[in-house]
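One letter stands for each residue in the lines below.
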Amino acid sequence: MIRQDLPTVHCVVPVHNRVTTTRQFMRLISDQSYPSLRVVVVDEGSSDGTSAFLSEIEGPTVHVLRGDGTLWWGGAMNVGMEFVFGVAADGDYLLMLNDDVRIAPSYVSNLVRDSELHHGATMGSAQRDEATGEFVGSGYLIDYRRMLFCAVDPVRGSVGVDALPGRGTLFPMRAARRAGFISRWLPHHLGDLEYTARAKELGYPVMISAEAEVFTKATPCSEQGRRRWIARRSPYNVGHRLVFFLS
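The structure contained in this document is the topic of the report that follows. (Residues numbered from 1 in each chain as written. Predicted model: local features only at pLDDT ≥ 70, side-chain atom pairs only at ≥ 80, totals over all residues. Heavy atoms only, no water.)

Observations concerning unusual backbone geometry
Residue Trp-72 is not a glycine yet carries a positive backbone phi of 60°. Examined against the element boundaries, Trp-72 turns out to sit in helix α3 (residues 72-87). On the accessibility criterion, Trp-72 (26% relative accessible area) is partly exposed. Phi at His-119 is positive, roughly 60°, even though this residue is not glycine. Mapped onto the secondary structure, His-119 falls in the loop between α4 (107-117) and β6 (122-129). (Helix = DSSP H or I, 4+ residues; strand = E, 2+ residues; numbered from the N terminus. Buried < 20%, exposed > 50% of the residue type's maximum accessible area, 1.4 Å probe, protein only.)

Re the packing of helix α1 (residues 19-30) against helix α2 (residues 50-57)
Between two packed helices, the angle of one axis relative to the other and the distance separating the axes together describe the packing. Here α1 crosses α2 at 25°, and the two axes come no closer than 9 Å. In terms of their interaxial angle, α1 and α2 are classed as roughly parallel. When you trace α1 past α2, the crossing you get is right-handed. For the pair α1 and α2, the contacting residues are Val-19, Thr-22, Arg-23 and Met-26 in the first and Thr-50, Phe-53, Leu-54 and Ile-57 in the second. When the residues that make up the contact of α1 with α2 are grouped by side-chain class, the tally is 5 nonpolar, 2 polar and 1 charged. (Axes fitted to C-alpha atoms, helices over the stretch in contact; angles between N-to-C directions. Parallel < 35°, antiparallel > 145°, perpendicular 65-115°, else oblique. Left-handed = near helix turned anticlockwise from the far one by under 90°. Contact = heavy atoms within 4.5 Å. Nonpolar A, V, L, I, M, F, W, Y, C, P; charged D, E, K, R; others polar.)

Details of α4
Residues of α4 that are buried include every one of Tyr-107, Val-108, Asn-110, Leu-111, Val-112, Asp-114 and Ser-115, and no others. Here the buried face of α4 lies against β1 (9-15), β4 (93-96), β6, β9 (158-160), β10 (169-172) and β11 (206-216). His-119 lies just past α4 and shows a positive phi near 60°.

Written out as structure tokens, the structure reads:
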């Protein structure tokens, strides 16, 4: 049930062709202790049984939107955000999350608590490697002159940064509405960093919560040779980096 006396957290999660992963995620998100939570799943053209599974669980607190397989992460996230902007109150929250994470039942509650403690900050997660427990790029300071991202990982408390990855980022709805949508020029990698950096430029603090942890598998770039510099899925895409730093 949705509690009317608490701000609602609207969690947008894109999914595509990994039904086992999506099933596990939906179990974890349904176990959250935060009592006012809605999940908006954007099924980006799945063909492996994901769509059928989502049809079974869709209901008052789980809304499913459909893509055609051409949206990529940024486009799918924008579809979910557009829906949320139409139904959310100004005092609510938008949570960007991926389905390939493990989270504790207190995860959403910790994010909301820390955002409120820091006067409505955009709050990112402490990201850890599922196998080793080590921090993996929880947030970044940006050196615009040298075009570098400098990773920052929280040891304790909350840490201010310039940008956050989208694998577990909570935005006050007012901040998300002002920032708008993920850039169409950054459809996969760096779209999340650009969006959170944009929110900070608009005057909203951007921080990492050490208490809100997500555990995920490290995913090294699969592209080899020259393709690592031009492939749309590659985090090393030179064009996307230039768009980020020159826009």
